[in-house]
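Residues per chain are reported as follows:
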Amino acid sequence: RYFPEPDLPPLVVSDELLREVQASMPELPAARRRRYSLLGLPMPDVLQLAEEPVIARMFDGVLVGSRACPTLPNPDANPKL
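The rules behind these values
Residues numbered from 1 in each chain as written. Predicted model: local features only at pLDDT ≥ 70, side-chain atom pairs only at ≥ 80, totals over all residues. Heavy atoms only, no water. Phe/Tyr/Trp six-rings, centres within 6.5 Å; stacked < 30°, edge-to-face > 60°. Helix = DSSP H or I, 4+ residues; strand = E, 2+ residues; numbered from the N terminus. Buried < 20%, exposed > 50% of the residue type's maximum accessible area, 1.4 Å probe, protein only. Axes fitted to C-alpha atoms, helices over the stretch in contact; angles between N-to-C directions. Left-handed = near helix turned anticlockwise from the far one by under 90°. Contact = heavy atoms within 4.5 Å. pLDDT = per-residue confidence, 0-100. Salt bridge = Lys/Arg side-chain N within 4 Å of Asp/Glu carboxyl O.

Looking at an unreviewed UniProt entry, the chain carries the name Glutamyl-tRNA(Gln) amidotransferase subunit B, chloroplastic/mitochondrial, with the source organism given as Haematococcus lacustris.

### Observations concerning the packing of aromatic side chains
Summed over all chains, the structure comprises one aromatic pair. With centroids separated by 5.1 Å and ring planes inclined at 85 degrees, the aromatic side chains of tyrosine 36 and phenylalanine 59 adopt a geometry described as edge-to-face. Of this pair, tyrosine 36 sits in helix H2 (residues 29-38) while phenylalanine 59 sits in helix H4 (residues 53-68); the two residues are 23 residues apart in sequence, bridging distant segments of the chain. Taking the relative accessible area as the measure of exposure, tyrosine 36 reaches 0% and is therefore buried.

### Regarding the packing of H2 against helix H3 (residues 43-51)
With their axes 9 Å apart at the nearest point, H2 and H3 run at an angle of 145 degrees to one another. H2 and H3 meet at a crossing whose hand is right-handed. Between H2, through Pro29, Arg32, Arg33, Tyr36 and Ser37, and H3, the contact on the second element is made entirely by Val46, Leu47, Leu49, Ala50 and Glu51.

### What to know about the confidence of the model for the chain
Per-chain confidence: the chain averages 81 in pLDDT, with 77% of residues scoring 70 or above. Averaged over each element, pLDDT in the chain is lowest for H4 (82) and highest for helix H1 (residues 15-24) (94).

### Details of the pattern of salt bridges
Counted according to the given criterion, the structure contains four salt bridges. Note that glutamate 27 is salt-bridged to arginine 35, the shortest N-O span being 2.7 Å. When salt bridges with common partners are traced through the structure, they connect Glu27, Arg32, Arg35 and Asp60 into a single cluster.

### Let's talk about the side chain of arginine 32
If you trace the backbone, arginine 32 turns up in helix H2. Note on arginine 32: relative accessible area 10%, which makes it buried. Arginine 32 has contacts with Glu27, Leu49, Ala50, Pro53 and Ala56, leaving out every residue within four places of it along the chain.

Right under this line is the structure:
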C-alpha cells in the first residue's frame, strides 16, 4: 500500500513487551559471526558456524562446557595438542 490505512489505530508497544520479544528471538547470523570472530576463530570457520544453527548450538555448548571444566587442555597453552 502506498498510504496508511485510516481505520487502524496506531499500535503502541510497551518497553516490557519489546524486551520480552527481543529476548525470545534467536541470535542472528551477523551477531553470531561477530561473536565468533571475537573468539579469534579463522574466518572460514566463523562463516560456516554462523550459517548453520545446529552446528552453532553444538559449538556454543562446547564453549559453555569448556568454561565449566577448567581441566580441559588449552590448545593455546600447549601447541602439541
